[in-house]
Amino acid sequence: MNKRYGLPLRANQPGLAWRFIQKNHVFLIIVVFFVIASVSSDYFLSWENLMNLFRQASVVGMIALGVHFVILLGMVDFSVGSILVFSGSIIMVLQGIDGFGIWLSILAGVIAGMLLGLLNGVIVVYGKVPSFITTLGMMFAVRSISLWYASGGALQGKYSQYTALGHDYTLGIPNILFPLILAAILAHVVLSRTLLGRYIYAVGNNRIAAFLSGTPMHWVTIIAFGISGLAAGVGAVLETSRLNSISTSSSATTYELDVIAAIVIGGANLSGGKGTIWGTACGVLILSMISNYMNLENVSPYLQGILKGILMLAVLYKQKKMD
């Protein structure tokens, strides 16, 4: 009985410890996995391996920041991997044309990614095609264009110094991490401090209420998909800077699935309206830690998806129980 009001306590009321676990599950997963990997692997805690872990997470992390905006609307973007390859192909091709330097080719590739994202948004809004179908179609279309142009092969860059972003270090930290950190801070500010961020959460929480309150839902949706495409374009810069090339057949083939898994593991709700940038960043880190640790333990890459799938299902089950 509640001594103050004389009311019976609910039998299913969660305890303080369980509420703490529910609220901080992402952080706890990182801590538990970090401890397990540190104890069982002599190499995991080395500075070289940790920096390699973050470098491996950089491309998926960049894309996840953009797709996060779309997920908050209760929609999905399956085209980001193919947009990355398309943007990367533009960067590599333009570097081989006289008059285009490194920076102009980068700018063209990033703008191409953003425009494709905006096109996704326009089709969703004005064509009234579900985001699942729209982005799936875009995924096939832009990948096919890249494959056709390169005859299914790889495209090489012209400038060897372009790889400084993907390989060099500043103060012991890989250069490739600095754009990711800057983008994460910017995305957090947009979602938490701007009118656009409030609109996105409002639409994701309750589309009808958002519409009745005067939220410009069409523009919010188009901008969110544009941000997703922009992030894929920036991801293409990070991807191509590591090898100074892009493979039209094998690059980014499962990135869209890794991105969605990371966002969900980070606490976002696929129905929209819930999730934070830092949660998504932690989700990306968790998936990268799993891959990195399993590689150190010589676990077959074909089996690594099992743990990722189980973890994603567990998080979705927890969300369902809380709802």
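Heads up: the structure comes first, above all this text.
Residues numbered from 1 in each chain as written. Predicted model: local features only at pLDDT ≥ 70, side-chain atom pairs only at ≥ 80, totals over all residues. Heavy atoms only, no water.

Glancing now at the packing of aromatic side chains. This model, assessed by the stated rule, comprises 3 aromatic pairs. Taken together, a centroid distance of 5.7 Å and an interplanar angle of 85° make the contact between F33 and Y293 edge-to-face. Placement of F33 in helix α2 (residues 25–40) and of Y293 in helix α13 (residues 277–296) is noted, with a sequence separation of 260 residues between them. Each member of the pair F33 and Y293 is classed as buried. Taking 5.6 Å as the distance between ring centres and 70° as the angle between the ring planes, the aromatic pair formed by F34 and F44 counts as edge-to-face. Separated by 10 residues along the polypeptide, F34 in helix α2 and F44 in the loop between α2 and α3 (47–72) bring together distant segments of the chain. Classification of F34 by relative accessible area gives partly exposed; the value is 32%. (Phe/Tyr/Trp six-rings, centres within 6.5 Å; stacked < 30°, edge-to-face > 60°. Helix = DSSP H or I, 4+ residues; strand = E, 2+ residues; numbered from the N terminus. Buried < 20%, exposed > 50% of the residue type's maximum accessible area, 1.4 Å probe, protein only.)

In this section: the environment of V299. Topologically, V299 is positioned in the loop between α13 and α14 (304–322). Since its relative accessible area comes to 30%, V299 is described here as partly exposed.

Here the focus is the nonpolar core. Ranked by internal contacts, the top residues of the largest apolar core, which has 79 residues, are I63 and L84. Among the elements that take part in this core, α3 stands out by supplying 13 residues, more than any other. Beyond its immediate stretch of four places on either side in the chain, L84 contacts V59, I63, A232, G235, A236, E239, I246, A252 and Y255. (Core = buried A, V, L, I, M, F, W, Y, C linked by side-chain atoms within 4.5 Å. Contact = heavy atoms within 4.5 Å.)

Let us now look at the packing of α3 against helix α12 (residues 255–265). The contact between α3 and α12 brings their axes to 9 Å, and the two run at 65°. Relative to α12, the element α3 lies roughly perpendicular. As for the relative orientation of α3 and α12, their crossing is right-handed in sense. The residues of α12 that touch α3, namely those facing V59, V60, I63, A64, V67, H68 and I71, are Y255, D258, V259 and I263. Split by residue class, the contact of α3 with α12 holds 9 nonpolar, 1 polar and 1 charged. (Axes fitted to C-alpha atoms, helices over the stretch in contact; angles between N-to-C directions. Parallel < 35°, antiparallel > 145°, perpendicular 65-115°, else oblique. Left-handed = near helix turned anticlockwise from the far one by under 90°. Nonpolar A, V, L, I, M, F, W, Y, C, P; charged D, E, K, R; others polar.)

The next point concerns the packing of α3 against helix α11 (residues 217–243). Where α3 meets α11, the axes come as close as 6 Å, and the angle between the chain directions of the two elements is 170°. The pairing of α3 with α11 is recorded here as roughly antiparallel in orientation. Only A224, F225, I227, S228, A231, A232, V234, G235, L238, E239 and R242 of α11 make contact with α3, whose side of the interface consists of R55, Q56, S58, V59, M62, I63, G66, V67, F69 and V70. The class makeup of the residues in the contact of α3 with α11 is 13 nonpolar, 5 polar and 3 charged.

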